[in-house]
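# Examination of the molecular architecture
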Amino acid sequence: MTAYLLLKFLHVIGATVLFGTGAGIAFFMLLAHRTGDAVVVAGVARIVVIADLVFTATAVVAQPVTGILLAWEAGYALTEGWILLSVALYLVTGAFWLPVVWMQARMRDLARASVAAGQPLPAAYHRLFRWWFAFGFPAFAAVMAILWLMIARPAITL
């Protein structure tokens, strides 16, 4: 296997993990939330926080490393328009993802406290969920755009 193919493989795996973990987390959190059951939300949120830290955070670190090495190996200038736009969208994604990580941990903690107190999910949980849900749309759109840019590599002049 050449260095190029290895880097491309690792980069594609990282992109797949980012997209798949993000979509899976969103799906499971939404379904847990819709139950309105603090026990379900606490359990799902606990797993979601772990998945985000193990899978998403690892891919978040690996993507720029493999991307830069892959671009160099393939002979692309890091100043090419599609690469610069991908990096900008990656930063947008990160700007929405970092607060979401905190929100998920906070929602988990609020749900745990509700379970311990035998109370329903508090208003603070519901406010956080609305913000979490809203932050998902621009992050998801940015990831989709990055995937398209990686595949199409369009000629973009910035």
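Let us look at the structure shown here. From a predicted model like this one, the values you see are computed outputs, not experimental measurements.

The next thing to look at is the pattern of salt bridges. Any two side chains of opposite charge can pair, given that their charged atoms come close. Taken as a whole and judged by the stated rule, the model has two salt bridges. Aspartate 109 serves as the salt-bridge partner of arginine 108, at 3.0 Å between the closest nitrogen and oxygen. Its relative accessible area of 32% is what places aspartate 109 among the partly exposed residues. The shortest N-O distance in the salt bridge between aspartate 109 and arginine 112 comes to 4.0 Å. Separated by three residues within a single helix, aspartate 109 and arginine 112 lie in helix α3 (residues 81-117), roughly one turn from each other. Accessibility expressed as a relative area gives 40% for arginine 112, which makes it partly exposed.

Bringing the side chain of aspartate 52 into the picture now. Here aspartate 52 is to be found in helix α2 (residues 38-74). Despite its burial, aspartate 52 pairs with no opposite charge, the nearest such side chain being arginine 108 at 10 Å. Not counting the four nearest positions on each side in its chain, aspartate 52 is found in contact with Ile25, Ala57, Trp97, Val101 and Gln104.

With that settled, the discussion passes to the nonpolar core. Counting 20 residues, the largest nonpolar core has Ile25, Met29, Val41, Met107, Leu121, Tyr125 and Trp132 as the members making the most contacts within it. Secondary-structure elements contributing two or more residues to this core are α1 (3-35), α2, α3 and α4 (123-152). No other element matches the six residues that α2 contributes to this core. Beyond its immediate sequence surroundings of up to four residues, methionine 107 is in contact with Met29, Tyr125, Leu128, Phe129 and Trp132. Formed by seven residues, the second largest nonpolar core is a distinct cluster that contains Trp82, Ile83, Ala142 and Ile146.

Moving on, we come to the side chain of threonine 66. Tracing the backbone through its elements, the reader meets threonine 66 in helix α2. Look at threonine 66 and you get buried, because its relative accessible area is 8%. Within the structure, the side chain of threonine 66 is placed 2.7 Å from the side chain of histidine 11, a separation counted as a polar contact. Of the polar contacts made by the side chain of threonine 66, one reaches the backbone oxygen of glutamine 63; its length is 3.3 Å. Here threonine 66 is in contact with Leu7, Leu10 and His11, once residues within four sequence places are set aside.

This next bit is on the packing of α1 against α2. At a minimum axis distance of 8 Å, the contact between α1 and α2 shows a crossing angle of 160°. As judged from the angle between their axes, α1 and α2 are roughly antiparallel. Where α1 crosses over α2, the two elements pack in a sense that is left-handed. Among the residues making up the contact of α1 with α2, the classes are represented as 23 nonpolar, nine polar and three charged.

What counts as what
- Residues numbered from 1 in each chain as written.
- Predicted model: local features only at pLDDT ≥ 70, side-chain atom pairs only at ≥ 80, totals over all residues.
- Heavy atoms only, no water.
- Salt bridge = Lys/Arg side-chain N within 4 Å of Asp/Glu carboxyl O.
- Buried < 20%, exposed > 50% of the residue type's maximum accessible area, 1.4 Å probe, protein only.
- Helix = DSSP H or I, 4+ residues; strand = E, 2+ residues; numbered from the N terminus.
- Lys, Arg positive; Asp, Glu negative; His and termini not counted.
- Contact = heavy atoms within 4.5 Å.
- Core = buried A, V, L, I, M, F, W, Y, C linked by side-chain atoms within 4.5 Å.
- Polar contact = N/O pair within 3.5 Å; in protein donor to acceptor, adjacent residues only side chain to side chain.
- Axes fitted to C-alpha atoms, helices over the stretch in contact; angles between N-to-C directions.
- Parallel < 35°, antiparallel > 145°, perpendicular 65-115°, else oblique.
- Left-handed = near helix turned anticlockwise from the far one by under 90°.
- Nonpolar A, V, L, I, M, F, W, Y, C, P; charged D, E, K, R; others polar.

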